[in-house]
Amino acid sequence: MRARDYPAAWALEREVIASRDRATRDDPRLPYHQRWVWDGRSVDGADVLVRCYHGLGDTLQFARYLPALVRRAGSVTVEAQARLHPLLASIADVSLHAFDPAHPLKPRACDVEITELPGALELAPGAVPFPYLRAAPAPIPPLTTGLCHQAGDWDVDRSLTEALLAPLAERHRCLTLVAAPSRLPVINPDGCPFDLAATAALVAGCAAVVTVDTMVAHLAGALGRPTWLLLKHQPDWRWDPARHDSDWYPTLRLHTQARPGDWEPVVAEVSRELDAFFDDQGETIHGQPAQPVGARVLG
């Protein structure tokens, strides 16, 4: 996948599927994120159930394939995190059901986990129209940059301390995309709402986004916002540390640590690129004081 040889990746996937014990499909003894669901059968004309067993960012990344699936399947039901339903509804006309780990939906004619859709459809990321997510921009000041320094607790190496982003917040008008109070000079010091539709509106209104590898990166990428992605030394499979671009999101710019845990050079390089980005707009706002955004804007 990193080498962009998608046909080879799909061939390997089918070899793996063929070698599996079918009795272990969607194995209830395993945590949901370790299960395999799709057994290789065709989705064409089938009653398809898409299960979202991974994180919010994974669901957003692979939701790009839902319109293509709708065109080929007989019917499509998506069992997804309820928090994502407003966003998924803007991507494709599917039947949405909240994923309840204690009471998952019964199997359909063809079950597939959402991260398995590229192989099931044999579609590379570039074959899908982009951007594929829509959200009405929040009424925030022009030339605002969204900042996200915090990833999930399960991989703390993806996060950095908020203070490292201070040079960005001091040189540009910024807002935080973290659902917690911020000590940076941002326009929403109380933090971002814990609501994905509201967060999407803020991201859609940003001129640029700087984020670590978390759901915000996928949200900004899916919305087509200019985004600088800060990556740990050995990033997740979907990001190639040897590249600065991504097939998954054409508007992303990747910056990977040269040494484990060393964020300062990464932030410095992003700061230089962000300066150039705003200079190209002809409306650099260096040195402008942050103005608080009222509750009406932040929801």
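Provided above is the structure to which this section pertains.
One structure accompanies this document, and this report is about it. Bear in mind that the values here come from a model prediction, so they are computed numbers and not experimental data.

This part is about helix α7 (residues 196-205). In an α-helix there are 3.6 residues to a turn, and that puts residues three or four apart on one side. Counting buried residues along α7, 7 of its 10 residues qualify, which places the element largely inside the surrounding structure. Those residues of α7 that fall on the buried side of the exposure criterion are Leu196, Thr199, Ala200, Ala201, Leu202, Val203 and Ala204. Of the residues that open α7, the one with a side-chain oxygen 3.1 Å from the backbone nitrogen of alanine 197 is aspartate 195.

In this section: the environment of asparagine 188. Inspection of the secondary structure puts asparagine 188 in the loop between β6 (174-176) and α7. On the basis of relative accessible area, asparagine 188 is assigned to the buried category, the value being 1%. Considered as a pair, asparagine 188 and methionine 215 are 27 residues apart in the sequence and their alpha carbons are 20 Å apart. A distance of 2.8 Å separates a polar atom in the side chain of asparagine 188 from the backbone nitrogen of threonine 176.

A word on the sheet that holds strand β9 (residues 252-256). The 5 strands lie next to each other as β6-β5-β7-β8-β9, forming an open sheet whose pairing is parallel. Edge positions in the sheet fall to β6 and β9, since each of these pairs with one other strand and no more. Neighbour-to-neighbour, the strand axes of this sheet turn through a mean angle of 20 degrees, independent of strand direction. Inspection of the sheet shows strand β5 (residues 145-148) paired to strand β7 (residues 208-212) by 4 bridges, in the parallel sense. Within β7, the residue paired with threonine 145 across the bridge is alanine 208. Seen against the sheet, helix α8 (residues 215-222) touches β5, β7, β8 (227-231) and β9 and runs at an angle of roughly 150 degrees to β7.

Moving on, we get to the packing of aromatic side chains. Inspection of every chain in the model, using the stated rule, returns 9 aromatic pairs. For the pair tryptophan 228 and phenylalanine 277, a centre-to-centre distance of 5.4 Å together with 70 degrees between the ring planes defines the contact as edge-to-face. Here tryptophan 228 is found in strand β8, whereas its partner phenylalanine 277 is found in helix α9 (residues 264-281), with 49 residues between them in sequence. Per residue, the accessibility class of tryptophan 228 equals that of phenylalanine 277, and both read buried. One aromatic cluster is present, built from ring pairs that chain together Tyr32, Tyr53 and Phe99. Geometry around tyrosine 249 places arginine 64 over its ring, the cationic atom sitting 4.8 Å from the centre.

Reading guide: rules and limits
- Residues numbered from 1 in each chain as written.
- Predicted model: local features only at pLDDT ≥ 70, side-chain atom pairs only at ≥ 80, totals over all residues.
- Heavy atoms only, no water.
- Buried < 20%, exposed > 50% of the residue type's maximum accessible area, 1.4 Å probe, protein only.
- Helix = DSSP H or I, 4+ residues; strand = E, 2+ residues; numbered from the N terminus.
- Polar contact = N/O pair within 3.5 Å; in protein donor to acceptor, adjacent residues only side chain to side chain.
- Pairing = 2+ DSSP bridges.
- Axes fitted to C-alpha atoms, helices over the stretch in contact; angles between N-to-C directions.
- Contact = heavy atoms within 4.5 Å.
- Phe/Tyr/Trp six-rings, centres within 6.5 Å; stacked < 30°, edge-to-face > 60°.
- Lys NZ or Arg CZ within 6 Å of the ring centre and 35° of its normal.

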